[in-house]
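Listed below are the residues making up each chain.
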Amino acid sequence: MTLTVPAAADASSQTSAAIVATDIPARLDRLRWGRFHTLVVVALGITWILDGLEVTLAGAISPALKESPQLRFSNADVGLASSAYLAGAVLGALFFGWLTDRLGRKRLFFITLAVYLVATASTALSWNLASFALFRFFTGAGIGGEYTAINSTIQELVPARYRGWTDLVINGSFWIGTALGAAGSLVVLDPNLLPPDLGWRAAFLIGAVLGLVIFLMRLWLPESPRWLMTHGRVEEATAVLDGIEAEFRARGHEIPDEPLPVIRLRARRFTPLAEVADTLFRVERRRTLVGLSLMAAQAFFYNAIFFTYALVLTDFYGIPAGHIGWYLLPFAAGNFLGPVLLGRLFDTVGRRPMIATTYALSGVLLAGVGYLFAAGVLSATGQTIAWMVIFFFASAAASSAYLTVSETFPLEVRALAIAFFYALGTGIGGVAGPWVFGALIDTGSRWSLYGGYLIGSVLMLAAAVIAARYGVAAERKPLESVSRPLAAAD
């Protein structure tokens, strides 16, 4: 049901201030899980597989980049290139996040994917550090833009009672990409199959091929009905939802014809940046603190450790570059299983206790394992097992950070809010991390590297305290009740 009531116009943010009364959010949330939701998850969630593939290949090929007769990177160069990728992700998230809230979710799916495709293919043609870092920057920009458009869309299409587990599993699928990257690296980095200076180049073409497949998978995806309704395109939103429900009924799902809660909105063309800033830094400043602390802590924790994991194996344990993939595969398995097995608890036990627990466990375990590494107690196998245990919890924690920032802010600024927290969190915790850890590895001192691990541990523990104190109990609640839309007329 949708009703439109004329009202005065507001040129600053609206083409028309007509009040729309609609039950579209309630209709979306009453649906049971169906084929439509599975296809959405596959077509959109595969972005995290791409990111996992990119990050893993970048880490796995780092020894090959050092051995390349043309590039001859140092450890610091490898860390700098990784930081360039993350810097691109930061700026890409902000720019494309702004466009996503203005132009819609669907249009940005293809723009950001195109940027990624061109940039990752270009990386294979790099001839020096500057060109490699530049192409990695634009690859990161495409992935950063993907995060904002896709996280917001998934939140808006998945029913409330499945939202937490779905979001964690999708973010956890990053590690499927990690496994693919690790397996692929075993092939392309095998000197018996490809010359060393061609293997790492072929590695980046894997992502480009996968990106082409994703392009085709997304052609059938609809625009978010929630985004359409807030932008005055209620007839389009209703038509999209009618089509989704018709497909459900055709597959035997019964959708009761009953009155549903109605939300009243003032249709707007866009949301001014001043209103975005006011929402983040004044109206919802407590939620901003939570989101920023969660994102910054997990970004440093993950990026600093994972981007330099291959260097630790080669420099401290003497593992050959061609064997790195074997150590990444079990590491990836632990990371994927964490969100899958713990994800349901975020919808049942609750967001606040689960976020605080997973962050705290990650911090404590990192401090302990870091000490064992510094003391020389662990073998390469023991180190890998220890990382599996730590990141079983850390992966769920990191995924919950994305869940938090994408569900606790109003619909009109959701994509830009995701971009802001991703960008600022990654900028604070992620961009400097790989470069700093690369430099620490270059010292050859295990205890110096342990100091870096302790920083990550402290950040995770601090985020756990903030989440326990100020976190939002958003489990199983409609998005509109977790955070009231800025355009709400009630």
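Basis of the calculations
- Residues numbered from 1 in each chain as written.
- Predicted model: local features only at pLDDT ≥ 70, side-chain atom pairs only at ≥ 80, totals over all residues.
- Heavy atoms only, no water.
- Helix = DSSP H or I, 4+ residues; strand = E, 2+ residues; numbered from the N terminus.
- Buried < 20%, exposed > 50% of the residue type's maximum accessible area, 1.4 Å probe, protein only.
- Contact = heavy atoms within 4.5 Å.
- Patch = residues over 30% accessible without salt bridge, like charges linked within 9 Å, V, L, I, M, F, W, Y side chains within 5 Å.
- Areas by Shrake-Rupley, 256 points an atom, 1.4 Å probe, with all protein chains shown as cover.
- Salt bridge = Lys/Arg side-chain N within 4 Å of Asp/Glu carboxyl O.
- Lys, Arg positive; Asp, Glu negative; His and termini not counted.
- Charge placed at Lys NZ, Arg CZ, Asp CG, Glu CD.
- Axes fitted to C-alpha atoms, helices over the stretch in contact; angles between N-to-C directions.
- Parallel < 35°, antiparallel > 145°, perpendicular 65-115°, else oblique.
- Nonpolar A, V, L, I, M, F, W, Y, C, P; charged D, E, K, R; others polar.
- Core = buried A, V, L, I, M, F, W, Y, C linked by side-chain atoms within 4.5 Å.
- Phe/Tyr/Trp six-rings, centres within 6.5 Å; stacked < 30°, edge-to-face > 60°.
- Lys NZ or Arg CZ within 6 Å of the ring centre and 35° of its normal.
- Expected span 1.5 Å × (residues − 1).
- 1 Å grid on protein atoms, 1.4 Å probe; cavity = no way out; pocket = protein on both sides within 12 Å on 5 of 7 lines; lining within 4 Å.
- Points joined across faces, edges and corners; volume = space filled by probe spheres on them.
- Left-handed = near helix turned anticlockwise from the far one by under 90°.

Student: Sorry if this is basic, but what is going on with the overall build of the chain here?
Tutor: Of the regular secondary structure elements, the chain holds 21 helices and three strands. Projected onto the principal axes, the alpha-carbon positions of the chain cover approximately 70 × 45 × 45 Å. Across the 490 residues that make up the chain, the buried fraction comes to 61%. Residue pairs in contact within the chain that sit at least 24 positions apart in sequence constitute 86% of those at least 6 positions apart.

Student: Would you explain unusual backbone geometry in this entry?
Tutor: Phi at Arg-476 takes a positive value of approximately 60 degrees, unusual for a residue other than glycine. Relative to the helices and strands, Arg-476 is located in the loop between helix H20 (446-470) and helix H21 (479-482).

Student: I'm lost on a positive patch on the surface in this one. Help?
Tutor: A surface patch of like charges, here positive, comprises Arg-285, Arg-286, Arg-352 and Arg-469. Structurally, Arg-285 can be placed in helix H13 (residues 285-306).

Student: Can you help me understand the environment of Gly-370 in this one?
Tutor: One can find Gly-370 in helix H16 (residues 351-374). Separated by 82 residues in the primary sequence, Gly-370 and Gly-452 have C-alpha atoms spaced 9.1 Å apart. Those residues in contact with Gly-370, other than ones at most four positions away along the chain, are Tyr-450 and Tyr-453.

Student: Any chance you could explain the packing of helix H15 (residues 324-348) against H16 here in plain terms?
Tutor: The angle between the axes and the distance between the axes are what describe a pair of packed helices. At a minimum axis distance of 7 Å, the contact between H15 and H16 shows a crossing angle of 140 degrees. The angle between the axes of H15 and H16 places the two elements in the oblique class. Packed against H15, whose contacting residues are Leu-342, Leu-345, Phe-346 and Asp-347, the element H16 presents Arg-351, Met-354, Ile-355 and Thr-358 at the interface. Class assignment for the residues of the contact of H15 with H16 results in five nonpolar, one polar and two charged.

Student: I'm lost on the nonpolar core in this one. Help?
Tutor: Across soluble globular proteins, you tend to see nonpolar side chains buried next to one another. In terms of nonpolar packing, the biggest core is built from 137 residues, with Tyr-317, Tyr-359, Trp-387, Phe-391, Leu-449 and Tyr-453 touching the most fellow members. Among the elements that take part in this core, helix H17 (residues 380-407) stands out by supplying 13 residues, more than any other.

Student: How do you make sense of the packing of aromatic side chains when you look at a structure like this?
Tutor: Within this structure, the stated rule accounts for 24 aromatic pairs. For the ring pair Phe-137 and Phe-138, a centre distance of 5.3 Å and an interplane angle of 90 degrees mean the geometry is edge-to-face. Phe-137 gets classed as partly exposed once you look at its relative accessible area, which sits at 23%. Assessed through its relative accessible area of 42%, Phe-138 is described here as partly exposed. Here the basic side chain of Arg-446 rests over the ring of Tyr-317, its NZ or CZ set 5.2 Å away from the ring centre. The cationic tip of Arg-446 hangs over the ring face of Phe-373; the distance from NZ or CZ to the ring centre is 4.8 Å.

Student: For this particular structure, what's the right way to read helix H5 (residues 105-123)?
Tutor: Note on helix geometry: an α-helix contains 3.6 residues per turn, so any two residues three or four positions apart are oriented the same way. For H5, spanning 19 residues, the distance from its first C-alpha to its last is 27 Å, which sits close to the expected 27 Å at 1.5 Å a residue. Regarding H5, the residues found buried are Arg-105, Leu-108, Phe-109, Phe-110, Thr-112, Leu-113, Tyr-116, Leu-117, Ala-119, Thr-120, Ser-122 and Thr-123.

Student: Whenever I open this one, the layout of surface pockets confuses me. Can you help?
Tutor: Rolled over the atoms, a probe sized like a water molecule indicates the empty space that remains. In this structure, the largest pocket spans a volume of roughly 200 Å³. Considering the residues around the largest pocket, the lining is formed by Thr-22, Pro-25, Ala-26, Asp-29, Arg-30, Leu-260, Pro-261, Val-262, Ile-263, Pro-478, Glu-480 and Ser-481. Secondary structure elements with two or more residues in the lining of the largest pocket: helix H1 (24-30) and H21. Take the lining of the largest pocket: its biggest share by element is four residues, from H1. Of the voids in this model, the second largest pocket is the one considered here, and its volume is about 170 Å³. Lining the second largest pocket are 14 residues, and of these Val-41, Val-42, Val-169, Ile-170 and Ser-173 lie nearest its centre. Of all the secondary-structure elements, those providing two or more residues to the lining of the second largest pocket are helix H2 (35-60) and helix H7 (163-172). No other element matches H2, which puts six residues into the lining of the second largest pocket.

Student: Explain the packing of helix H14 (residues 309-317) against H20 to me, please; I cannot follow it from the model alone.
Tutor: It is at 13 Å that the axes of H14 and H20 come closest, and there the two elements cross at 160 degrees. With respect to H20, the element H14 is oriented roughly antiparallel. Along this stretch, H14 crosses H20, giving a crossing that reads as left-handed. Contact residues: Val-312, Phe-316 and Tyr-317 in H14; Arg-446, Leu-449 and Tyr-453 in H20.

Student: Would you explain the pattern of salt bridges in this entry?
Tutor: Two side chains with opposite charge may pair up if their charged atoms get near one another. Summed over all chains, the structure comprises 17 salt bridges. Between Asp-278 and Arg-282 there is a salt bridge, with the nearest N and O atoms lying 2.6 Å from each other. Here the residue Asp-278 and the residue Arg-282 both occupy positions in helix H12 (residues 273-283), the gap between them amounting to four residues, near one helical turn. If you follow the salt bridges from partner to partner, you end up with Arg-27, Arg-30, Asp-242 and Glu-245 in one network.

Student: When you look at a nonpolar patch on the surface in this model, what are you seeing that I'm missing?
Tutor: Together, Tyr-371, Leu-372, Val-377 and Trp-447 give the surface a local cluster of nonpolar side chains, amounting to about 410 Å² of exposed area. Its place among the elements puts Trp-447 in helix H20. A residue is classified by how much of its surface remains accessible, and Trp-447, at 46% relative accessible area, is partly exposed.

Student: What should I look at first to understand empty space enclosed by the protein in this one?
Tutor: Inspection of the entire model under this criterion finds five cavities of 30 Å³ or more. For the largest cavity, the calculated volume is near 330 Å³. Asp-51, Tyr-147, Phe-174, Gln-298 and Tyr-402 are the residues nearest the centre of the largest cavity, which is lined by 22 residues in total. Looking at the lining of the largest cavity, the elements with two or more residues in it are H2, helix H4 (75-103), helix H8 (174-188), H13, H17 and helix H18 (414-429). Take the lining of the largest cavity: its biggest share by element is five residues, from H13. Here the lining of the largest cavity is built from residues that sort into 15 nonpolar, six polar and one charged.

Student: Sorry if this is basic, but what is going on with the environment of Phe-316 here?
Tutor: Considering the arrangement of structural elements, one finds Phe-316 in helix H14. Residue classification places Phe-316 among the buried residues on the basis of a relative accessible area of 15%. Remark: the alpha-carbon pair of Phe-316 and Phe-373, spanning 57 residues in sequence, is separated by 9.8 Å. If we skip the residues at most four places from it in the chain, Phe-316 touches Leu-311, Phe-373, Ile-441, Gly-444, Ser-445, Arg-446 and Leu-449.

Remember that the coordinates give geometry; whether it matters functionally is a separate question.
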